[in-house]
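Below, each chain spelled out in residue letters.
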Amino acid sequence: MRDCWSASKRNDNNGSEVKANYKSNNGLKPKMAGKVFAMSRSEVATSNDFIQGKCIIRNRLVDGLYDFEATHSFISFDCVKSLDLHVSSLPYEVVVSIPTNKPITTSSACLDYSVMVDGKTFSVNLICLPPSHLDVVLGMDWLSSNHILLNCKNKTLIFGACAQASLNLQVW
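Rules used throughout
- Residues numbered from 1 in each chain as written.
- Predicted model: local features only at pLDDT ≥ 70, side-chain atom pairs only at ≥ 80, totals over all residues.
- Heavy atoms only, no water.
- Helix = DSSP H or I, 4+ residues; strand = E, 2+ residues; numbered from the N terminus.
- Buried < 20%, exposed > 50% of the residue type's maximum accessible area, 1.4 Å probe, protein only.
- pLDDT = per-residue confidence, 0-100.
- Contact = heavy atoms within 4.5 Å.
- Core = buried A, V, L, I, M, F, W, Y, C linked by side-chain atoms within 4.5 Å.
- Patch = residues over 30% accessible without salt bridge, like charges linked within 9 Å, V, L, I, M, F, W, Y side chains within 5 Å.
- Areas by Shrake-Rupley, 256 points an atom, 1.4 Å probe, with all protein chains shown as cover.
- Salt bridge = Lys/Arg side-chain N within 4 Å of Asp/Glu carboxyl O.

### Brief notes about unusual backbone geometry
Right, so step 1: Here Arg 58, not a glycine, exhibits a phi torsion of approximately 50°, which is positive.
Right, so step 2: Assignment of secondary structure puts Arg 58 in the loop between strand S3 (51–57) and strand S4 (60–66).
Right, so step 3: For Arg 58, a relative accessible area of 43% corresponds to the partly exposed category.

Take a look at the structure:
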């Protein structure tokens, strides 16, 4: 699955404005489906299925949403611009289903960035989406690869649960 993230780097006009790439290019690239279930703080506030918090990318505090229903991890183009992140072009288009509008197609991503959550640093690949009221959505790709569980009732993250479970099994 990691091969999916190998992408050629795209020029970002020498650090100036990052251009959004969320329109179809007449099918020249293969398509991959993605889902995100919340795009605004109001959607998050009315649901018990999400955990909202803060995370750190490039030494800056950003609004984060931890969403087990999101297939991938996402970042808004506004956040990309404010953090001055490098945008790469994926070798495929991601067709992202969102709850309020038609699907969004993008092939832009910020690859292999560090994100700090609760004092722990993780690597993340972020698919770029049009501006929203959320900076970053950390989805199932990130949650599962880092063995992080969500306790939506208590609004907490559980780190390394799989590693602890396998350690307990080896001890017994």
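There's more to say after this.
### Re the confidence of the model for the protein
Right, so step 1: With 66% of its residues at a pLDDT of at least 70, the protein reaches an overall mean of 75.
Right, so step 2: The low-confidence segment residues 1–25 (pLDDT under 50) makes 57 contacts with residues lying over four places distant or belonging to another chain.
Right, so step 3: Segment residues 163–172 is flagged for pLDDT under 50; beyond a separation of four residues in sequence, or across chains, it makes 0 contacts in the model.

### As for the nonpolar core
Right, so step 1: Counting residues in each nonpolar core, the largest one holds 28 residues, and the members touching the most others are Ile 75, Cys 110, Val 115, Val 117, Leu 138 and Trp 142.
Right, so step 2: Of all hydrophobic cores here, the second largest spans 16 residues; its members include Leu 65, Val 96, Ile 104 and Ala 109.

### Remarks on a nonpolar patch on the surface
Right, so step 1: On the surface, a cluster of nonpolar side chains totalling about 250 Å² of accessible area is made up of Ile 56, Leu 61 and Met 116.
Right, so step 2: With respect to the secondary-structure elements, Leu 61 resides in strand S4.

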